[in-house]
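Single-letter residue listing:
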Amino acid sequence: MSIELNDPALPTPRWHTLSVDEALDNLHSDADRGISNQEVSNRLAKYGANELIEKAGRSPLQIFIDQFTNIMLIMLMAVAVVSAILDIRDREFPKDAIAITVIVLLNGILGYAQESNAEKALAALKRLSSPRVKVVRGGNIIEVNGKELVPGDVMFLEAGVQVAADGRLLEAQNLQIRESALTGEAESVNKNPNLTLELDASLGDRHNCVYQGTEVIQGRAKVLVTKTGMQTELGKIATLIQDVETDDTPLQQRMTQLGNVLVSGSLILVALVVGIGMLNKGNFADLLKTSLSMAVAVVPEGLPAVVTVTLALGTQRMVKRHALIRRLPAVETLGSVTTICSDKTGTLTQNKMVVQNIRTAQHSLKITGEGYAPTGKFLSDTSAIEVQNFPEVQQLLMSCIFCNDAILQQKDGEWIIIGDPTEGALLVLSGKGGCDAAEWQHRMPRYAEVPFSSERKRMSVLVQGEMGGYVMFCKGSPELTLECCTHIQIGDQVRAIAADQRQQVLEQNNQLAADGLRVLGFAYRNIANLPENGITEADESNLTWVGLVGMFDAPRPEVREAVKQCRQAGIRPVMITGDHQLTAKAIAENLGIAQAGDRVITGKELELMDAQALDQAVIDVSVYARVSPEHKLRIVQSLQRQHQFVAMTGDGVNDAPALKQADIGIAMGITGTDVSKEASDMILLDDNFATIVAATEEGRVVYTNIRRFIKYILGSNIGEVITIAVAPFIGLTVPLIPLQILWMNLVTDGLPALALAVEPAEPNVMKRPPFDPRESIFARGMGSYMIRVGIILAVITICLMVWSESYTTSNFDGIYKPERWTTMVFTTLCLAQMGHAIAIRSNTQLMIELNPMTNPYVWGSVIMTTVLQLLLIYVEPLRNFFGTHLISPTELAVCVGFSSLMFVWIELEKLVIRWWAWKGQR
Ligand code: ATP
């Protein structure tokens, strides 16, 4: 009797105690056909989707409370308390305190909305990268989303895959799984489907089962899914769920530090003003009020929110360009990349292989046909041949069929490949030769295999021979496969291979590779008896050489332009491939990554180089061929020692260390293994090199925009502080109350700053060298700009203050109050910042040279903020609340006149800088 899964009334079967057949019976499944689609729907309805319920992240309340742990807001709240005490003591309504509290709350709500949106966006990104799983359903092999797995499904595992559900092994070849996510054990475990274990076997000892979240390090397997979703072992300890990480970016960390510095600075300022004032016998309460205004003015309250929003918007723009950010710091640091190390196959090329040539001992043939349709001719010179009459070719096609894990299928009239395109191309080739792969694979079933790995660069299988006995077929890198051969097939004869025949094979290989073809060598061996423990690498010897296959993998058309863009942007593209050096060189030259005559370093040469020799080489060499994943790690480390900021792509399970070491680790979304994705900072959804360049451009835009609005906001703060500080020295009272300063910092500065965050790329963004990622945010003149602009803003405002104070105190009547000069100061500061926002959109181009429609938000925010500012003056309740006074239209015009000087100044600065540059060029 089968046991109902997940039925609380019945004991759950201990899958590790059951044999393969018992497990299949239990779930009414079939090892070859799986379950039907109808049954999948039923079980999906019954057991639910294969999803882990998200680790209880921060609760909404926690997110809200976290908003108030920001040191700047804590200081504001302290200001509110002090100001309330002062007002109550003076029997005044504590308006400032209430307003500050409202603003702090509003800021908290805004921050809450932004953060929960950002968390939602990251969760959506995580869903985008959820793994696909190969399963057999109703006899058909298909790929489904990991979420759609149900108990009873039969799924396939291969190296690099992260296991998507718990399961009982049905078949396995050399399967090794790293279960550290579950057991904490770093060593990988060998698995075996033929075991049945005792009930009390611990999780780490259940070698006939696999568990969700663990990683296939080597080998392949067929697995019966037994548990999904929260029923899995991982689900039971759901805290181990991997997250899209949301570490603070270096810039966010520096912003926090800056916040601390500013808050401490403002506290010192408060102490100084009060201390010196008291020494001069000033009124304590007045002094405290002045210093509180200054404290509020120093702190850029709006800044943290704008930084977060900008980074979040950056990830969204990147995803539109097919780059999925997994770690937020990557958004900002991408702009600093100096070297992009890229795989060749699939990233620089299309990974759509078509076999064009084959070479055997006696024949050199061209193959016609396009795409994956198995129709085409085998041409010797220009005449078509019948492959049945050519035993060498026939044997080659057999090798292509057996040494193959791909599936060639027709879907909606179109031929598609499931699996490795290299192997798919070999099935297409055998189809063109009239061989039915499925039929042959059925007639001569596979018994064992040594799987392909990027280190070994070959794969072997053992199949049952037609005439009894067994045949081992091997395919892989021609040089390495040839080394395992002692014989060669000539016609239907097998002869010992002579030195000149070896030489001839290597020359054929070089000729094909020099044409940019990816070349695979094929060999085989008859074995009388089935080896007891399957086959191992040691059995890949005494092979008979059959021939070579050369396949074309066209470069991606957009890559050439992307490489050019990289060069203009001071970024060096480097190709690191497992392929032959001549193939690599031909493609690299075609794409502009290398020039004719450039040096290519092979994996073998690299092994002989010590760190010092490699450090010297990496600066010039742009093509590395026949490398293994561990070489990638050495290359990245060496480049980093040369102070390069490295982005590195990878797809295989063993690429993970190099991806982690790189400054930006990039995994392939389509062909990448789950392990490589897990180790990466960014995933290319389309596997395309051009996407890396696009993401780099976005990274630069984000960084420039962040610097732009920091300049904008802090420049304004400096202006405010100087104005407030100078007022008492020229015999005036403090012109701005804390509420007005908050209004400026959060609204009239905050809104345009947000708009500046979406400023599109400047035309030269990819025409200048990258900036040093370790530089201070204030580097390259930003600090001096802020101080300069702050002083200009203060000078303009103070001039207006001096004039307006004497004018308004001597010209007043029933409508216009004498102290309205403070409102003129307030308005001038706000409007000057509007001019600043319009001018700061570009560091080099004048406002009239910029198309306003490329960032309508800046204009929108300027208009909106100006209207709001006018409402504060001309709507009575608002006027009362914000402590402003009515000013006449003429006085408003004076404010506009003074504030526009700010705009004029910044535009003039640009002209002067241009003039300098022009003079320097002459
Ligand atoms: P890149 O690292 O740029 O993606 P690559 O795909 O050529 O390049 P690998 O996948 O490591 O790198 O392949 C290295 C070599 O191994 C290839 O040049 C080829 O000769 C051989 N090879 C590739 N795929 C297979 C396979 N499925 N079976 C046997 N040999 C293979």
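The residue count restarts for each chain, going from 1 along the sequence in the order it is written. In keeping with the predicted nature of the model, local features appear solely for residues at pLDDT of at least 70, side-chain atom pairs appear and are counted solely at 80 or more, and the whole-chain, interface and lining totals rest on all residues. Hydrogens and water are ignored here; the side-chain numbers use all heavy atoms of the structure.

**Quick word on the sheet that holds strand β25 (residues 623-625)**
Threshold: A pair of strands is considered paired only if DSSP assigns at least 2 bridges between the two. Secondary structure elements are defined from DSSP: runs of H or I of at least 4 residues count as helices, runs of E of at least 2 residues count as strands, and each element is numbered from the N terminus. For helices, the axis comes from a line fit to the C-alpha atoms of the stretch in contact; other axes are also lines fit to C-alpha atoms, and the angle between any two N-to-C directions lies between 0 and 180 degrees. Throughout, a residue-residue contact means that at least one pair of heavy atoms, one from each residue, lies within 4.5 Å.
Taken in spatial order, the eight strands make up an open sheet running β8-β28-β27-β26-β9-β23-β25-β24, and their pairing is mixed. Two strands bound the open sheet, and with one partner strand each, they are β8 (323-325) and β24 (600-602). With strand direction ignored, the average angle separating the axes of adjacent strands in the sheet is 20°. Note: β8 against strand β28 (residues 682-684), three bridges, orientation antiparallel. Bridge pairing links A323 to L684 in β28. Across the sheet, helix α18 (residues 581-591) is in contact with β23 (572-576), β24 and β25; its angle to β25 comes to roughly 155°. Packing of helix α24 (residues 689-729) onto the sheet brings it into contact with β8, β9 (339-342), β23, β26 (646-650), β27 (664-668) and β28, and relative to β9 it is tilted by some 155°.

**Side note on the site of the ligand**
Applied cut-off: If even one non-hydrogen atom of a residue comes within 4 Å of a molecule or strand, that residue is called near it. Whenever a nitrogen or oxygen atom comes within 3.5 Å of another N or O atom, the pair is scored as a polar contact, on the condition that within protein one atom can donate a hydrogen and the other can accept it, and that pairs from neighbouring residues in sequence are kept only if both atoms are in side chains. All accessibility values rest on the Shrake-Rupley procedure with a 1.4 Å probe; residue burial counts only the protein chains present in the view.
Among the 19 residues in the neighbourhood of the ligand, the closest are listed as K344, R518, T577, D579 and R626. Residue T577 places a side-chain N or O atom 2.9 Å away from an oxygen atom belonging to the ligand. In isolation the ligand has 610 Å² of accessible area, and contact with the protein removes 92% of it. Elements that contribute at least two residues to the shell around the ligand include exactly β18 (470-476) and β21 (518-527). If one sorts the elements of the shell around the ligand by residue count, β21 sits on top with three residues.

**With respect to the domain arrangement of the chain**
Let me state the cut-off plainly: For each domain, the first and last residues come from an automatic or database assignment.
For the chain, the domain assignment lists domain 1 (12-54 + 122-243), domain 2 (70-112 + 249-316 + 696-921), domain 3 (336-347 + 557-689) and domain 4 (348-555). Taking only C-alpha atoms, the centre of domain 1 and the centre of domain 2 are 57 Å apart.

**Topic: the packing of aromatic side chains**
Both the distance between ring centres and the angle between the ring planes are used here to describe each pair of aromatic rings. Note the cut-off: A pair of aromatic rings is counted whenever rings of Phe, Tyr or Trp (Trp by its six-membered ring) have centres within 6.5 Å, and the orientation is called stacked for planes under 30 degrees apart, edge-to-face for over 60 and tilted otherwise. Three exposure classes are used, based on accessible area relative to the maximum for each residue type with a 1.4 Å probe and protein chains only: buried under 20%, partly exposed in between, and exposed over 50%.
By the definition in use, this model includes seven aromatic pairs. Measuring from centroid to centroid gives 5.2 Å for F402 and F473, while their planes differ by 20°, and the two rings are stacked. Placement of the pair is F402 in helix α12 (residues 391-402) and F473 in strand β18, with a sequence separation of 71 residues. The residues F402 and F473 share a single accessibility class, namely buried. On the numbers, 5.2 Å between centres and 65° between planes, the contact of W743 with F882 is edge-to-face. Separated by 139 residues along the polypeptide, W743 in helix α25 (residues 738-748) and F882 in helix α30 (residues 876-882) bring together distant segments of the chain. Of the residues examined, F882 reaches a relative accessible area of 9% and is grouped as buried. What links up through ring pairs into an aromatic cluster is the set F402, F473 and Y524.

**Observations concerning the packing of α25 against helix α28 (residues 821-839)**
Quick note on the threshold: Each angle gets one of four labels, with under 35 degrees taken as roughly parallel, over 145 as roughly antiparallel, 65 to 115 as roughly perpendicular, and the rest as oblique. Take the far helix as your reference; a near helix turned counterclockwise from it by less than a right angle gives a left-handed crossing, and one turned clockwise gives a right-handed crossing. For this classification, Asp, Glu, Lys and Arg are treated as charged, while Ala, Val, Leu, Ile, Met, Phe, Trp, Tyr, Cys and Pro are nonpolar and the rest, including Gly, are polar.
Here α25 crosses α28 at 15°, and the two axes come no closer than 11 Å. In terms of their interaxial angle, α25 and α28 are classed as roughly parallel. Here α25 runs over α28; the crossing is right-handed. Here Q740, W743, M744 and T748 of α25 lie close against α28, whose contacting residues are F826, L829, C830 and M834. Here the contact of α25 with α28 is composed, by residue class, of six nonpolar, two polar and no charged.

**A word on the nonpolar core**
Heads up, the rule is: By nonpolar core is meant a set of buried Ala, Val, Leu, Ile, Met, Phe, Trp, Tyr and Cys residues that side-chain atoms within 4.5 Å join together.
Core analysis: the biggest nonpolar cluster contains 123 residues, and I340, F689, F709 and I710 have the highest contact counts within it. Take this core: its biggest share by element is 16 residues, from α24. Both domain 2 (70-112 + 249-316 + 696-921) and domain 3 (336-347 + 557-689) contribute no fewer than three residues apiece to this core. With residues near it in sequence (within four places) discarded, I710 still touches M255, L303, G715, I777, M782 and M786. In this structure, M398, A406, L426 and A437 belong to the second largest nonpolar core, which totals 40 residues.

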